[in-house]
Each structure stands twice: as structure tokens, then as C-alpha cells.
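The primary structure of each chain is shown beneath.
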Amino acid sequence: MSEQNISENKKRVLSCIQPSGMLTLGNYLGALKNWIKMQDEFDCTFAVADLHAITVKQDPAKLKQQILSTYALLLALGLDPEKHTVFIQSHVPEHTALSWLLSCNTQFGEMSRMTQFKDKSAKHPENVNVGLFSYPVLMAADILLYKPDFVPVGADQKQHLEIARDIAVRFNNKYGDVFTIPEPYIPKTGARVMSLQDPSKKMSKSDENPNAWVAILDDRDTIIRKFKRAVTDSDSVVKMSEDKPGISNLITIYSAVTGKTVAEIEKEFEGKGYGEFKLAVGEAVADELAPIKERYEEIIKDKKTLEELYREGSLKAEKVARKTYFKAMKKVGFVL
Ligand code: TYM
């Protein structure tokens, strides 16, 4: 069987990540770890969603550097640009083009309900732009162009995925079959990694307190220091419980990294204090991330290879995207 046939028989996966600052342990455990694993079984397409990043204010020089560093980090994580497609969203114009067709089939009321829009517009009242509002439609276009069966994301993206499915179903009903209806693929452990400083909030790279989040590229000492400083409750029993959100978050992280179950972890740390547990979590995370950082330092140095890879990735992506886009255009009634 030729390689082409093999890939045609495989189910498809698509996901993207924004290049808005340093990627975090939350991104890694909620999404990227699954991306790496899924490469063995599925035909995968992954992108740096740079168009999404400008829904909030960005410094142009910094944005450029972050797009490149995010692409390099995806390679360092072990995504394989030869077997799969790894590209930069803005290099494939069909994303914005399809998003227009989808916008005209999406209701204002649906978009107004999106919690991320509500959160971000409350956080940046000076910049509630139309792009921030219609962002989930662009995300739906990112997904639907590649007809994926599964979309690996963290729990915070579930609502956006549901709207992408609704838009696809509506479009197919109105114009005939164009899009595959994708399923979310959310990890059992690590789908919602919380801030180390305020466990009621999601771990986020935009958090002003750098101790609240761990970057994938943090060095070992920084990682361990951040875990040592993590906010926990006043008793000292390592136990998963709703009234112990800080320690529960650390148990989740330790479980996602080591593969140990919650019961195994509670047993391992029975009679031991929080200090010992926090150190163990910090060391486990640092061990897991160290080889990624090492590979990243090598990859980011070789700008020429990096450019070759993202250009090839975009060509591969565009071939698929163009086909879907023209099919949608034709169904809507445009003259091609
Ligand atoms: P983004 O860039 O904010 O995050 C990338 C991925 O990381 C997951 N994630 C988390 N998971 C667990 N705990 C956390 N604290 C945490 N923080 C982030 C996110 O769920 C996501 O899977 N809109 C998307 C990017 C996007 C996209 C797409 C995703 C654009 N187009 C098409 C899927 C398909 C976003 O802002 O993710």
C-alpha cells in the first residue's frame, strides 16, 4: 500500500495553538501531549494560530518572534512535519476566506454567548474588537477546512468546538454535505490545569504573576521554585478534594505527567507533608520538560531549516484547504 493510501485510510486530526507568549504546562498537558501521541494513529494537521493572536494587542516584532518560536517548539515537542502537516495559519488564506462564508451562517446571538469573549472583553474593555467577537467563526474555519474526525483541545475550548459543530451541521443542511462534523478529544487528566497562585483560575500565559504558570521552556530551577511556592490550603494531607483546589491541581499535574492514578499518588504521599509533595511534582515536571527545552534550543538556531519546514507545511495544508473551500463556495452559488 502506498503512503498516500495509508494516510487516506486513517482518521484525521486537527488542532491549533495561539503564539501569544510562552506556551505553558497547561497547553502541554491539556492539548500538546495528545497531539504528540495522536501522530501514531491518525493523519494529523497542526497549526500555529497566529491570526487569532491579534484579537488582543500585540507588538509586531514580538509577535513575529513568538510565531517562529511556537513553530519551533511544536517541532521540539516531537511533531513530525514530514509525516504530518505542521504549518502557520496566516500562510493559508483559505482560513479567513472560509470564515466569511461561515460568518454569514452564524448568528450574532450565538457568538454573544461565548464565555471566552465575555472574559476577554471584560479584561480588555479598551479593545473589544469585532475580531475578538467573531473569533470562534475563524476557529470553525480552521477546523472545518481539514475535515478532521477529532480535535484535541483542553476543556476551555469545548464551547468553541461545539459552535464549530453547530455551524458545520447548519451549513451542510442548508447547502449539502461539505463538512465533516468533528468530535472534541479532551484528555481525562490535565484538561484544565489551574493557576499555581489562584487555583480557581485557569493556568494562562497572560497571567501577570509569573509564579502562576510554568512555561514549557522554563529551566529546572524555575520550575521547581514555582511549584514550591504553589498556593495550597492550611492542612498537610495530600488528598484530592473539592475543598482543596490547590493540592488537587498539583495531584492532577503529577498524575498527568507520571501516569500514576490519584489513589497511587495519595498512597505514595501518605504521612508526608506538602513540602515533599510539591518538590516531587516540580521534579517530575522538570524531568519531562527538560528534553523538550534542549531540542528547542537546537531547532530555533537553524532559521533556514525552520523556514523550509513551515513553507512546506503551508503548501501541504493549502492543498487540502483549497479543495474544501472551493466546494463550499460552489455549494453557496458562487461562479468559480
Ligand atoms: P490556546 O492557544 O489558548 O491554547 C492551546 C491549547 O491549550 C489548551 N489549554 C489548556 N489546557 C488545559 N489547561 C489549561 N490551563 C490550558 N490552557 C490552554 C487549550 O484548550 C488549547 O487546546 N482558540 C484556540 C486555538 C485555536 C484552535 C483552532 C484550537 C485556533 N483554531 C482550531 C483547535 C482547533 C486557543 O486559543 O487555544
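Predicted model, so just to flag it, every value in this text is computed and none were measured.

Considerations on the site of the ligand
And step 1. With respect to spatial proximity, 27 residues lie near the ligand, and among them Gln-18, Tyr-135, Asp-142, Asp-156 and Val-193 are the closest.
And step 2. A distance of 2.3 Å separates a nitrogen atom of the ligand from a polar side-chain atom of Tyr-135.
And step 3. At 2.8 Å, a backbone N or O of Gly-154 approaches an oxygen atom of the ligand.
And step 4. The fraction of the free accessible surface of the ligand (710 Å²) that becomes covered by protein chains is 97%.
And step 5. Of all the secondary structure elements, the ones that give two or more residues to the shell around the ligand are strand E1 (12-17), helix H2 (25-38) and helix H8 (130-144).
And step 6. Of the residues in the shell around the ligand, the class split is 13 nonpolar, nine polar and five charged.

Brief notes about the pairing of E1
And step 1. Across six bridges, E1 lies against strand E2 (residues 43-48) in parallel orientation. Bridge pairing in E2 links Ser-15 to Phe-46.
And step 2. In the classification by handedness, the crossover that spans E1, the intervening H2 and the parallel E2 is right-handed.

Quick notes on the confidence of the model for the chain
And step 1. Overall, the prediction assigns the chain a mean pLDDT of 95, with 98% of residues at 70 or greater.
And step 2. Between residues 1-6, whose pLDDT stays under 50, and residues either more than four places distant or in other chains, the model counts two contacts.

Looking at the domain arrangement of the chain
And step 1. Assigned domains within the chain: domain 1 (3-191 + 303-332) and domain 2 (210-296).
And step 2. Linking domain 1 with domain 2 are six residue pairs in polar contact (both at pLDDT 80 or more).
And step 3. Listed by contribution, the elements that provide at least two residues to the side of domain 1 that touches domain 2 are H2 and helix H4 (60-77).
And step 4. Partitioning the side of domain 1 that touches domain 2 into residue classes produces 10 nonpolar, four polar and one charged.

Cut-offs used in this document
- Residues numbered from 1 in each chain as written.
- Predicted model: local features only at pLDDT ≥ 70, side-chain atom pairs only at ≥ 80, totals over all residues.
- Heavy atoms only, no water.
- Near = heavy atom within 4 Å.
- Polar contact = N/O pair within 3.5 Å; in protein donor to acceptor, adjacent residues only side chain to side chain.
- Areas by Shrake-Rupley, 256 points an atom, 1.4 Å probe, with all protein chains shown as cover.
- Helix = DSSP H or I, 4+ residues; strand = E, 2+ residues; numbered from the N terminus.
- Nonpolar A, V, L, I, M, F, W, Y, C, P; charged D, E, K, R; others polar.
- Pairing = 2+ DSSP bridges.
- Right-handed = clockwise from strand over helix to strand, strands pointing away.
- pLDDT = per-residue confidence, 0-100.
- Contact = heavy atoms within 4.5 Å.
- Domains from an automatic or database assignment.

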